[in-house]
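Survey of secondary and tertiary structure
Take a look at the letters that make up each chain.
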Amino acid sequence: MPEMPEMETYRQQLIPRIVGRPLTQVEVTREHSINVPVSEFIKRVSGKRITDIRRRGKHLLFLLDSKDILLLHLMLGGSLFWGRDEDKPKRTVQVRLSFGEEHLHFIGLRLGYLHLVSAAEAKERLDKLGPEALEFTAASGGATAGANNGAGSGETAKPGLTEAEFNRLVAEKRGKLKVALTDQSFLAGIGNCYSDEICFAARILPVRTLQSLQAAEKASLYRSISAVLGEGVRAGGYMEMPLYVGDQLTGGFNALCRVYDRAYEPCLRCGAPLVRRDIGSRKSFCCESCQS
Ligand SMILES: [Zn+2]
């Protein structure tokens, strides 16, 4: 399932391609992927321009000049493809937004959706999410030190919450670390892959309870969240399907995963074999030798 770095990679790569361009045609082939009648969806979206693309957790928000918002969640198996019809992957497209000869294809939206909502509706639905672990802002002036932490867009990343705020959230939360990190009401945007990578970077086992974490471990966890998610975005996330023909960025983090989906492989830090230790219904991978 795409997580924050995958959605942020889409966002930063789509902004220069579609923002400001008129939507010349809208096609919906799966009614369940949207939330209003198809005819109403087409009427309210056709001819509009996308003024900005924002992200909240694992959601993307396409802001239209009519003030409506297209709220996207890809859930499991969803992906995006930008380009001409002849280049698109051979998978069923549920929604297609056209900008002249080029199209944004929404693929694999079975559990995922593209809902047409007002700003108030979007706010109501997203308000239950926890804080962003990492936020991106457009670098102004082009001379900002340390700029270009994003996917080639010149956007700068910074933690979405302070260490003190993080420690307060941890103190209020009960349960296992893996479960907390993937709980969208705790922190928005982290799923199975990055939660394991964060725990590995922090040298903490994902099965540990939040209450058992020492101060130094909490500090390490706080730093690791920004570091791992930032690296994920810079590397283009782990989704393997390119966003467009010639896309060299998307999926680059797949080769950088240290533990996720790497059971039996040697740990890059200590050489011990990595293990899979599911927590509840969640897939989880770790090194039981150098994480404690
Ligand atoms: Zn290890």
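Residues numbered from 1 in each chain as written. Predicted model: local features only at pLDDT ≥ 70, side-chain atom pairs only at ≥ 80, totals over all residues. Heavy atoms only, no water.

So, on to the overall build of the chain. Each helix and strand counted, the chain has 7 helices and 12 strands in total. Its C-alpha radius of gyration of 20 Å places the chain within 12% of the 19 Å reference for a compact globule of 292 residues. Taking the principal axes of its C-alpha atoms as reference, the chain extends roughly 55 × 40 × 35 Å. The burial tally for the chain puts 51% of its 292 residues in the buried class. (Helix = DSSP H or I, 4+ residues; strand = E, 2+ residues; numbered from the N terminus. Rg over C-alpha atoms; globule rule 2.2 N^0.38 Å. Buried < 20%, exposed > 50% of the residue type's maximum accessible area, 1.4 Å probe, protein only.)

Attention shifts here to the nonpolar core. Counting residues in hydrophobic clusters, the biggest one holds 40 residues, and the most contacted among them are Ile190, Leu221 and Ile225. Sorting the residues of this core by element identifies β9 (134-138), α4 (163-172), α5 (177-181), α6 (192-202) and α7 (215-234) as the ones contributing at least two each. If sequence neighbours within four positions are ignored, Ile190 has contacts with Glu3, Lys58, Ala133, Leu181, Thr182, Gln184, Ser195, Ile198, Ile225 and Leu229. Ranked by size, the runner-up nonpolar core spans 32 residues in total, among them Val36, Trp82, Leu97 and Leu109. (Core = buried A, V, L, I, M, F, W, Y, C linked by side-chain atoms within 4.5 Å. Contact = heavy atoms within 4.5 Å.)

Now for the sheet that holds strand β8 (residues 113-117). The 4 strands are arranged β2-β3-β4-β8 in an open sheet whose pairing can be described as antiparallel. The outermost strands of the open sheet, each flanked by one partner alone, are β2 (50-56) and β8. Each adjacent strand pair in this sheet contributes to an overall mean axis angle of 20°, direction not counted. As paired elements, strand β4 (residues 69-73) and β8 share 5 bridges and run antiparallel to each other. (Pairing = 2+ DSSP bridges. Axes fitted to C-alpha atoms, helices over the stretch in contact; angles between N-to-C directions.)

Bringing the domain arrangement of the chain into the picture now. The accessible area lost on association of the parts is a frequent measure of interface size. Partitioning the chain into domains gives domain 1 (4-126) and domain 2 (160-286). Each of domain 1 and domain 2 has a C-alpha centre, and the two are 28 Å apart. Counting residues at the interface gives 22 residues for domain 1, matched by 21 residues for domain 2. Counting each side, the surface lost to burial between domain 1 and domain 2 is near 1,700 Å², with a carbon and sulfur contribution of 70%. The three residues of domain 1 that bury the most area against domain 2 are Pro5, Glu6 and Gln13, which together make up 31% of that side's buried surface. Where domain 1 touches domain 2, the interface holds 0 salt bridges. For the pair domain 1 and domain 2, the interface holds 7 residue pairs in polar contact (both at pLDDT 80 or more). Breaking the side of domain 1 that touches domain 2 down by element, the ones donating at least two residues are α1 (4-18) and β5 (79-83). Broken down by element, the side of domain 1 that touches domain 2 gets its largest block of residues, 10 residues, from α1. In terms of residue class, the side of domain 1 that touches domain 2 is made up of 9 nonpolar, 6 polar and 7 charged. (Domains from an automatic or database assignment. Buried area = accessible area lost by both parts, 1.4 Å probe. Salt bridge = Lys/Arg side-chain N within 4 Å of Asp/Glu carboxyl O. Polar contact = N/O pair within 3.5 Å; in protein donor to acceptor, adjacent residues only side chain to side chain. Nonpolar A, V, L, I, M, F, W, Y, C, P; charged D, E, K, R; others polar.)

Let us look at α1. Relative to the 21 Å expected for 15 residues at 1.5 Å per residue, α1 spans 20 Å between its end C-alpha atoms, a close match to the ideal helical length. A large share of α1 lies buried, amounting to 12 of its 15 residues. Here α1 has its buried residues at Met4, Pro5, Glu6, Met7, Glu8, Thr9, Tyr10, Arg11, Gln12, Gln13, Leu14 and Ile18. Two residues or fewer after α1 comes Gly20, characterised by a positive phi angle close to 90°. (Expected span 1.5 Å × (residues − 1).)

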